[in-house]
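Understanding the architecture of this molecule
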Amino acid sequence: MPVAVVVDYESSWPDRARRLLAEVKDALGPLAGSDRFVYDHIGSTAVPGLAAKPIVDLQVRMPSLPGLDELADLLASTGFVPARGARPDSPGVHRDTPRRGDPADDELYEKRLFHDPARAAILHIRRVDSPFAVFVVIFRDWLRSNPEQAKRYQETKRRLAGAHAEDGDYDDYTRAKSAFFDETNNEMRAWARAQAS
């Protein structure tokens with residue numbers, strides 16, 4: 001199977017995400033303040049009907065980030081292991097890229113990334129005050145509420161998957177998707193402001 005592949009939506013994805021998040025929540029329970037952590041199913045597999053890479057994306061938001069080794073020890077029983085990235089500059093492995101209009105404070109974008117290769121899942125651990133952590137949730141909810149934009153995003157992803165089907169990793173596919181985020185940034189933010197008011 002080529003690396004950059006987008007498949008039709010599978011109705012099992014939300015249940016898979018719930019089960020995985022429950023395991024992660026149990027594993028992270030010993031951390032101080034774990035009762036304040038926020039657990040999210042994010043990415044395209046969290047948008048009903050949207051085609052996606054067949055990898056479930058999960059997010060945990062917490063007040064501060066423990067060290068990678070401490071998290072790896074806690075998560076070892078779940079099957080999630082630290083993700084290293086295919087290249088030294090693989091996007092989104094150790095930090096996220098600020099979106100246009102967000103604060104530029106580097107510390108806000110630090111993250112811990114884990115994956116479970118056997119169950120095709122990725123776990124992003126971010127600070128609760130990370131603008132990118134907020135962005136991925138708003139983007140998910142905006143797509144859920146805007147079928148036309150979700151369709152445009154799906155078409156974009158299918159086109160890019162075709163263009164990067166022979167790549168050795170997802171990196172250039174991931175970078176190329178940022179053009180869609182940039183094009184829709186103002187509309188998405190306006191929608192989010194309207195929801196909050």
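Above this text is the structure in question.
Residue positions are given per chain, counting from 1 as you read along its sequence in written order. The predicted nature of this model means local features are confined to residues of pLDDT at least 70 and side-chain atom pairs, given and counted, to a pLDDT of 80 or more, with totals for whole chains, interfaces and linings taken over all residues. With hydrogens and water excluded, all non-hydrogen atoms of the structure serve as input to the side-chain values.

This part takes up the overall build of the chain. A count of helices and strands for the chain gives five helices and five strands. When the elements of the chain are put in sequence order from the N terminus, they spell out α-β-β-α-β-β-β-α-α-α. Projected onto its principal axes, the C-alpha coordinates of the chain cover approximately 45 × 45 × 35 Å. Buried, partly exposed and exposed residues are distinguished by accessible area as a fraction of the type maximum, computed with a 1.4 Å probe on protein chains only: under 20%, between the cut-offs, and over 50%, respectively. For the chain, with 197 residues in total, the buried portion stands at 48%. Residue contacts follow a heavy-atom distance rule, with two residues in contact if any of their heavy atoms lie within 4.5 Å. Pairs at least 24 apart in sequence give 70% of the contacts found in the chain among residues at least 6 apart. Helix and strand definitions follow DSSP, with helices as H or I runs of at least four residues and strands as E runs of at least two, each counted in order from the N terminus.

Relative placement of two packed helices is described by the angle separating their axes and the distance separating the axes. In contact at an axis separation of 10 Å, helix 4 (residues 147-163) and helix 5 (residues 171-196) are set at 160° when each is read in the N-to-C sense. Considering their axes alone, helix 4 and helix 5 lie roughly antiparallel with respect to each other. Where helix 4 crosses over helix 5, the handedness of that crossing is right-handed. In contact with Q149, R152, Y153, T156, K157, L160 and A161 of helix 4, helix 5 contributes Y173, A176, K177, F180, F181, E183, T184 and E187. Comment: axis = line fitted to C-alpha atoms, over the contacting stretch for helices; angle = value between 0 and 180 degrees taken between N-to-C directions. Small angles under 35 degrees read as roughly parallel and large ones over 145 as roughly antiparallel, with 65 to 115 read as roughly perpendicular and the rest as oblique. When the near helix sits turned anticlockwise from the far one by under a right angle, the crossing is termed left-handed; a clockwise turn instead gives a right-handed crossing.

When you tally the buried positions in strand 1 (residues 38-42), you get four out of five residues, the bulk of the element. Where strand 1 lies against strand 2 (residues 56-62), five bridges are found, and the strand directions are antiparallel. Looking at the pairing, V38 lines up with R61 of strand 2. We treat two strands as partners when DSSP finds at least two bridges between them.

Each strand in a sheet pairs with another by means of backbone hydrogen bonds, the pair being arranged parallel or else antiparallel. Ordered in space as 1-2-5-4-3, the five strands form an open sheet in which the pairing is mixed. Since the sheet does not close on itself, it has two edges, and those belong to strand 1 and strand 3 (81-82), each with one partner. Together, strand 3, strand 4 (111-116) and strand 5 (121-127) form the strand contacts of helix 2 (residues 68-75), whose direction differs from that of strand 4 by roughly 30°. The strands touched by helix 3 (residues 131-145) within the sheet are strand 1, strand 2 and strand 5, with strand 1 carrying the most contacts at an inclination of about 50°.

Attention shifts here to the packing of helix 1 (residues 13-28) against helix 2. Two elements in contact, helix 1 and helix 2, have axes separated by 8 Å at closest approach and are oriented at 115°. Pair helix 1 / helix 2 crosses with right-handed handedness. Side by side, helix 1 and helix 2 meet where V24, A27 and L28 of the first sit next to L71, L74 and L75 of the second. In the scheme used here, Gly and all other residues not listed as nonpolar or charged are polar, with Ala, Val, Leu, Ile, Met, Phe, Trp, Tyr, Cys and Pro taken as nonpolar and Asp, Glu, Lys and Arg as charged. Taken together, the residues of the contact of helix 1 with helix 2 sort by class into six nonpolar, no polar and no charged.

Moving on, we come to the pattern of salt bridges. Every case where a carboxyl oxygen of Asp or Glu lies within 4 Å of a side-chain nitrogen of Lys or Arg is listed as a salt bridge. Per the counting criterion, the structure on display carries 18 salt bridges. Between D172 and R87 there is a salt bridge, with the nearest N and O atoms lying 3.3 Å from each other. Taken together, the positions of D172 in helix 5 and R87 in the loop between strand 3 and strand 4 put the pair 85 residues apart, joining distant regions of the chain. For D172, a relative accessible area of 29% translates into the label partly exposed. A relative accessible area of 28% means that R87 is categorised as partly exposed. When the shortest N-O distance is used, the salt bridge between R112 and E110 registers 2.8 Å. What you see here is one network of salt bridges that share partners, running through R87, D169, D171, D172 and R175.

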